[in-house]
Amino acid sequence: MTPQKHSKLFSPSKSYYWCLAKCYLSTAFNDGNNEENSEVAEFGSECHELGSIQIANALGITDYEGNTKSVEEAIKGFKHYDEAMQEIANSYTNFVVSTYEYEKAKSKEKPLVLIEQQLDLGFDESSVGTLDLGIISDRNGGTLTIVDLKTGHLAISSFDKELNQPNPQLAIYSLMTYKCFKDVYPIKNIRLVIYQPVINKTNEYEMSVDELLAFEKDVLEPAVKAIKSGDKTARENSKCKYCPGLAYCKKKLDSARKLVDLDKKIETLTEEEITQILPKCDDYIAYFEKVKEHCLKRAMNGHKYPGFKLVHSRVTRKIIDENKVAKALEELGYSPYQTPKLLSITELT
């Protein structure tokens, strides 16, 4: 197990944009400078670490680099450890161990297991990625299984039906793992697995090595070549709203302008024109909300936007646990309850 590192330009986690959707401008926002370390991201990283330690313990895997912590040591350093995190880690551990046992029984030998393995992607000097988990079975031509743990609520697919391609992040990890071990393990099949215990969803896609190499030749290599040549083409896609550079994207603004045709002198829209706008409303609402969110964060850090100022918003306070508050007040000699009120209309009915 190695410390997690990620590519600054060719980020595997953002590969949908630059590899499949061919939005090369998105790589300008892959260095992390345009994203804040969110509580959700920190929670996910801690889930991965806890799960990796438990898997190593369950399979008796020793880290000879000395990076392994005990579960107790890891938890002490966590900011977000709770029962939910432990459930995620336990579910992930059980899934990986059962997968390992299945491959072991099928090939009648112990599979090779890679946990939090750093991979050199070879695109440029900083292009590295961290594989969550890999299992290679059968030295006589077995299967490479790539497992990616997702701790969010957004469903992720191991195969993109819209673009008819495998999940690019997992495909890149499987390609680099295959190249690293192909001389020792003559791998024939690739199994890409997205494991999402939070939403109780697991999906997988199986492909041959020939299909994986075709993905490298036809999809991955052209994208890398275009980006390294300086191509900054922006292309809209179905996942624009998740792009870290969305607030800066002029392509999205131009598209929104065309949608409502601001230059057209009209008094009202026809029902047909409204029908054309309707399917795209959510996408562009998300874009404009992202712009507002971006500006608010910049303003909180001192940036001035002419015509705007920061003000305190009205906050409605609410007691979360009324019983605990009542008990605390009663212990201090106060009566926390008012005289009985008239029942609501629903109760009276």
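> Which parts of the structure should I look at to understand the packing of aromatic side chains?
Two aromatic rings, taken as a pair, are described by how far apart their centres are and by the angle between their planes. Within the structure shown, the criterion is met by nine aromatic pairs. Note on Trp 18 and Phe 123: the rings are 6.1 Å apart at their centroids and 75° apart in plane angle, and the pair reads as edge-to-face. With Trp 18 in helix α1 (residues 15-20) and Phe 123 in the loop between β1 (112-120) and β2 (128-136), the pair connects residues that are 105 residues apart, well separated along the chain. You can call Trp 18 buried: its relative accessible area is 0%. On the accessibility criterion, Phe 123 (7% relative accessible area) is buried. Look at Phe 29 and Tyr 248: their rings are 5.8 Å apart centre to centre, the planes differ by 20°, and that puts the pair in the stacked class. Of the two residues, Phe 29 is situated in the loop between α1 and α2 (39-59) and Tyr 248 in the loop between α6 (209-228) and α7 (250-260); the sequence distance between them amounts to 219 residues. By way of ring pairs, the aromatic residues Phe 10, Trp 18 and Phe 123 are connected into one cluster. Sitting above the plane of the Tyr 284 ring, Lys 252 keeps its charged end 5.1 Å from the centroid.

> Explain a positive patch on the surface to me, please; I cannot follow it from the model alone.
There is a patch of like positive charges on the surface, built from Lys 22, Arg 235, Lys 251 and Lys 258. Residue placement: Lys 258 occurs in helix α7.

The rules behind the values
Residues numbered from 1 in each chain as written. Predicted model: local features only at pLDDT ≥ 70, side-chain atom pairs only at ≥ 80, totals over all residues. Heavy atoms only, no water. Phe/Tyr/Trp six-rings, centres within 6.5 Å; stacked < 30°, edge-to-face > 60°. Helix = DSSP H or I, 4+ residues; strand = E, 2+ residues; numbered from the N terminus. Buried < 20%, exposed > 50% of the residue type's maximum accessible area, 1.4 Å probe, protein only. Lys NZ or Arg CZ within 6 Å of the ring centre and 35° of its normal. Patch = residues over 30% accessible without salt bridge, like charges linked within 9 Å, V, L, I, M, F, W, Y side chains within 5 Å. Areas by Shrake-Rupley, 256 points an atom, 1.4 Å probe, with all protein chains shown as cover. Salt bridge = Lys/Arg side-chain N within 4 Å of Asp/Glu carboxyl O. Lys, Arg positive; Asp, Glu negative; His and termini not counted. Charge placed at Lys NZ, Arg CZ, Asp CG, Glu CD.

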